[in-house]
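Descriptive analysis of the structure
Letter by letter, the chains look like this.
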Amino acid sequence: GAGVSQSPSNKVTEKGKDVELRCDPISGHTALYWYRQRLGQGLEFLIYFQGNSAPDKSGLPSDRFSAERTGESVSTLTIQRTQQEDSAVYLCASSLAPPLSYEQYFGPGTRLTVT
Amino acid sequence: RKEVEQDPGPFNVPEGATVAFNCTYSNSASQSFFWYRQDCRKEPKLLMSVYSSGNEDGRFTAQLNRASQYISLLIRDSKLSDSATYLCVVTLGGKLIFGQGTELSVKP
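The next point concerns unusual backbone geometry. The omega angle of the peptide bond from serine 7 of chain A to proline 8 of chain A is -10 degrees, so this bond is cis rather than trans. Here the residue pair glycine 9 of chain B and proline 10 of chain B is connected by a cis peptide bond, since its omega of 10 degrees sits within 30 degrees of zero. Tracing the backbone through its elements, the reader meets proline 10 of chain B in the loop between strand 1 (4-6) and strand 2 (11-14). Its identity as a non-glycine residue notwithstanding, arginine 81 of chain A has a phi of 45 degrees, on the positive side. Mapped onto the elements of the fold, arginine 81 of chain A is located in the loop between strand 7 (75-79) and strand 8 (88-95). Arginine 81 of chain A sits in the partly exposed class, given a relative accessible area of 41%. Although it is not a glycine, arginine 41 of chain B adopts a positive phi angle of roughly 60 degrees. With relative accessibility at 61%, the residue arginine 41 of chain B sits in the exposed group.

What follows is the structure, encoded as structure tokens:
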């Protein structure tokens, strides 16, 4: 079946502009996660959605970052007034509801470059 | 202190070698444990779960020591295709916490 999809695959933007990244999770997966991975670094947790519960936003690095999810489907991650340090690959993952399953399936990521 | 710590490597080994990766985690409330694999410029993919009793999947063996908060991955008879970054992952509060990863390069 279809995996997690993300769009765009690559985004180049000028410093100060807003960007919106999209994630389509696997159908039936109630949990959705966003991560950031800078070049040569590990995955940095950003935000976690689980069903209709309030999202866990504890990983968002600043108030320039926000994310929304419509029901148990598409999610968008918005970065306002982008900075050069926002350049990274933004990965989305989905899973069945923890603790039923913690196995996360990742999308291919969006590579964001802020010039 | 990082929540999940790994030796970043790189580990450079010849084909056929046995290689071991170690990982420690700081929060004793961590519930589940995994090894993920990430190929260069690709997304992470689950390699295997890790259980206290130890588990094996072909050439791969994972071990968990809850008392020491320590996780290991052993790869036997390494192949060129094993070259990747191996990520130690623990769960906490419904979230996965990733280590920085250990890079493995298997040479002919």
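Take the pattern of salt bridges next. Tallying each qualifying case throughout the model produces nine salt bridges over all chains. Measuring nitrogen to oxygen at the nearest pair gives 3.4 Å for the salt bridge that ties lysine 95 of chain B to aspartate 56 of chain A. Of this pair, lysine 95 of chain B sits in strand 10 (residues 95-98) while aspartate 56 of chain A is found in the loop between strand 5 (43-50) and strand 6 (65-69), placing the two residues in two different chains. Lysine 95 of chain B gets classed as buried once you look at its relative accessible area, which sits at 14%. For aspartate 56 of chain A, a relative accessible area of 21% gives the class partly exposed.

The two faces of a sheet get side chains in turn, since along a regular strand they alternate between them. Residue and element names in this part refer to chain A. With seven of seven residues buried, strand 4 (residues 31-37) lies mostly within the body of the structure. In the sheet, strand 4 pairs with strand 5 via seven bridges, with the strands oriented antiparallel. Among the inter-strand pairings, tyrosine 35 is bridged to a residue of strand 5, identified as phenylalanine 45. Counting the residues that bridge the hairpin from strand 4 to strand 5 gives five residues, and of these glycine 40 lies at a positive phi of roughly 75 degrees. Summarising the sheet, strand 4 and strand 8 pair through seven bridges and their orientation is antiparallel.

Residues and elements named next belong to chain B. Scanning the entire structure with this criterion turns up two disulfides over all chains. Covalently, cysteine 23 is tied to cysteine 88 through a disulfide, its sulfur atoms 2.0 Å apart. Taking the sign of the S-S torsion, -75 degrees for the link of cysteine 23 and cysteine 88, the bridge is left-handed. On the criterion of sequence distance, the pair formed by cysteine 23 in strand 3 (residues 19-25) and cysteine 88 in strand 9 (residues 84-92) is long-range, its members being 65 residues apart. The burial state of cysteine 23 is the same as that of cysteine 88; both residues are buried.

Let us look at the sheet that holds strand 6 (residues 55-57) of chain B. Residue and element names in this part refer to chain B. Sheet architecture is open: five strands sit in the order 1-3-8-7-6, paired in antiparallel fashion. If you trace the sheet from one side to the other, it starts and ends with strand 1 and strand 6, each paired once. Across the sheet, the axes of successive neighbouring strands diverge by a mean angle of 20 degrees, strand direction being ignored. As judged from the six bridges shared by strand 3 and strand 8 (residues 70-75), these two strands associate in the antiparallel manner. When the bridges of strand 8 are listed, cysteine 23 appears paired with isoleucine 71.

Before going further, it helps to spend a moment on the nonpolar core. Residues and elements named next belong to chain B. Core analysis: the largest hydrophobic core is formed by 24 residues, its most contacted members being Phe21, Trp35, Ile71, Leu73, Ile75, Tyr86 and Leu104. Elements with a minimum of two residues in this core: strand 3, strand 4 (33-38), strand 5 (45-50), strand 7 (60-65), strand 8, strand 9 and strand 11 (102-107). Those residues within four positions of leucine 73 in sequence are excluded, and the remaining contacts are Val19, Ala20, Phe21, Trp35, Leu47, Met48, Phe60, Thr61 and Tyr86.

Rules used throughout
Residues numbered from 1 in each chain as written. Chains lettered and ligands numbered in written order. Predicted model: local features only at pLDDT ≥ 70, side-chain atom pairs only at ≥ 80, totals over all residues. Heavy atoms only, no water. Helix = DSSP H or I, 4+ residues; strand = E, 2+ residues; numbered from the N terminus. Buried < 20%, exposed > 50% of the residue type's maximum accessible area, 1.4 Å probe, protein only. Salt bridge = Lys/Arg side-chain N within 4 Å of Asp/Glu carboxyl O. Pairing = 2+ DSSP bridges. Disulfide = S-S within 2.5 Å. Axes fitted to C-alpha atoms, helices over the stretch in contact; angles between N-to-C directions. Core = buried A, V, L, I, M, F, W, Y, C linked by side-chain atoms within 4.5 Å. Contact = heavy atoms within 4.5 Å.

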